[in-house]
Amino acid sequence: MQLQEILFSQGFGTRRVCAGLVQQGFVTVAGVPCTEPAMDFVAEGLHFTVQGVAWEHHEKAYLMLHKPAGYECSQKPSTYPSIYTLLPAPIRQRGGGAAAGVQAVGRLDQDTTGLLLLSDDGKFIHRMSSPRHHVPKVYQVSAKHPVDAQQISKLLAGVVLDDDPKPVRAAACEQTGESQLSLTLTEGKYHQVKRMIAAVGNRVEDVGGLHRSCIGSLGLPADLKPGEWRWLTAQDLASIAGTAAK
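Residues numbered from 1 in each chain as written. Predicted model: local features only at pLDDT ≥ 70, side-chain atom pairs only at ≥ 80, totals over all residues. Heavy atoms only, no water.

Visitor: What is the right way to read the side chain of Thr-184 from this model?
Guide: Along the chain, the position of Thr-184 falls in strand E12 (residues 180-185). Those residues in contact with Thr-184 that sit more than four places away from it in its chain are Pro-136, Lys-137, Val-138, Ala-170, Ala-171 and Ala-172. (Helix = DSSP H or I, 4+ residues; strand = E, 2+ residues; numbered from the N terminus. Contact = heavy atoms within 4.5 Å.)

Visitor: Just checking my understanding: could you explain the pairing of strand E13 (residues 210-215) for this structure?
Guide: In the case of a regular strand, side chains alternate between the two sheet surfaces. The pairing of strand E7 (residues 113-119) with E13 spans 2 bridges and is parallel. Bridged to Gly-114 within E13 is Arg-212. Pairing geometry for strand E8 (residues 137-142) and E13, over 5 bridges, is antiparallel. Bridge pairing in E13 links Lys-137 to Ile-215. Pairing geometry for E13 and strand E14 (residues 218-219), over 2 bridges, is antiparallel. Following the sheet pairing, Ile-215 is matched in E14 by Leu-218. What sits between E13 and E14 in their antiparallel hairpin is a turn of 2 residues, with Gly-216 showing a positive phi close to 60°. (Pairing = 2+ DSSP bridges.)

Visitor: Quick question: what am I supposed to make of the nonpolar core here?
Guide: Nonpolar side chains tend to gather and get buried jointly when the protein is soluble and globular. Core analysis: the biggest nonpolar cluster contains 51 residues, and Phe-48, Leu-118, Val-141 and Leu-155 have the highest contact counts within it. The greatest single-element share of this core, amounting to 4 residues, is contributed by helix H1 (residues 3-9). Not counting the four nearest positions on each side in its chain, Val-141 is found in contact with Ser-179, Gln-180, Leu-181, Leu-183, Val-193, Ile-197, Val-204, Gly-209 and Leu-210. Met-64, Val-105, Leu-220 and Leu-224 belong to the second largest nonpolar core, which has 15 residues in total. (Core = buried A, V, L, I, M, F, W, Y, C linked by side-chain atoms within 4.5 Å. Buried < 20%, exposed > 50% of the residue type's maximum accessible area, 1.4 Å probe, protein only.)

Visitor: Can you help me understand the sheet that holds strand E3 (residues 47-50) in this one?
Guide: Adjacent strands of a sheet pair through backbone hydrogen bonds, lying either parallel or antiparallel. If you trace the 4 strands from one edge of the open sheet to the other, you get E2-E1-E3-E4, paired in antiparallel fashion. The sheet is open, and its two borders are formed by strand E2 (32-33) and strand E4 (53-56), each paired with just one other strand.

Visitor: Help me understand helix H2 (residues 15-23), please; the structure alone is not making it clear to me.
Guide: Every α-helix winds through 3.6 residues per turn, so residues three or four apart in the chain are directed the same way. Buried residues of H2: Cys-18, Ala-19, Gly-20, Leu-21 and Val-22, and no others. Tucked inside the fold, the buried residues of H2 contact H1, strand E1 (27-29) and E3. Remark: Gly-25 follows H2 within two positions and exhibits a positive phi of approximately 80°.

Visitor: Which parts of the structure should I look at to understand the state of the cysteines?
Guide: Working definition of a disulfide: a covalent bond connecting the sulfur atoms of two cysteines. By the definition in use, this model includes 0 disulfides. Here Cys-34 stays unpaired: no disulfide links it, and the sulfur of Cys-18, its closest cysteine neighbor, is 14 Å away. In this structure Cys-214 is a free cysteine whose sulfur lies 15 Å from that of Cys-173, the closest cysteine sulfur available. (Disulfide = S-S within 2.5 Å.)

Visitor: Help me understand the side chain of Glu-72 in this model?
Guide: Relative to the helices and strands, Glu-72 resides in the loop between strand E5 (62-67) and helix H3 (89-93). Although Glu-72 is buried, it forms no salt bridge, and the closest oppositely charged side chain is Arg-107 at an N-O distance of 6.6 Å. Residues in contact with Glu-72, not counting those within four places in the same chain, are Pro-77, Ser-78, Thr-79, Tyr-80, Pro-81, Ser-82, Ile-83 and Gln-110. (Lys, Arg positive; Asp, Glu negative; His and termini not counted. Salt bridge = Lys/Arg side-chain N within 4 Å of Asp/Glu carboxyl O.)

Visitor: I tried to follow the environment of His-126 on my own but got confused; where do I start?
Guide: In this structure, His-126 sits in helix H4 (residues 122-129). Residues His-126 and Arg-230, spaced 104 residues apart in sequence, show a C-alpha to C-alpha distance of 21 Å. Residues within four places of His-126 in sequence aside, it is in contact with Arg-132 and His-133.

Visitor: How should the environment of Lys-189 be read in this particular structure?
Guide: For Lys-189, the location among the structural elements is in the loop between E12 and helix H6 (192-199). Judged by relative accessible area, which is 24%, Lys-189 ranks as partly exposed. Ignoring sequence-local partners within four residues, the contact set of Lys-189 consists of Leu-161, Asp-164, Val-168 and Arg-195.

Laid out in structure tokens, this is it:
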């Protein structure tokens, strides 16, 4: 693939901009400056730098983000800044066109923190977010009032939310403190955790009350700080591949 096409596919601007980056000597491959936009390279796994920043070619983007509080999972946020502002421009511009960039796999409320996946692979997004595939998601919940055994039993047995007569159940629920729960869900209804906790007579704390720690068997790394992101490794992808029902 031509070097200018590699840069374009990875989100470094229009084809004209990408060609200009190469011509001006801003791109190196294996430490060697390249000034010919049409030079061919094997794209898969190619390591290069653009204006001194190291990059690796990825045919599809698979990322994890430690979502901080106070951010919306929207391209057009209404009140709070968008999570997409936490990502570098090339990630937001990958592929070009109206559907450029990565998309969040599901959403977290602005006050919810924790693990968020992003990708530009439509099939992956659907498989990981569709309720039909039952991908488990683990939430750490801090409730306003003490948690008791009856509340846990109700969450496991199923509670009825106001928009659906069919009960929704926690796949797992464990008390981790006087007012804390570890709650596993395999669905993704609007404000589901908060509404389920309310349905058993409690409520999620307004500040720091809800944190997603795992998706499938992939946990949020302890060294990934709020607002930071990283590429998913092959091992990360393998660890969640089997959690989505076919």
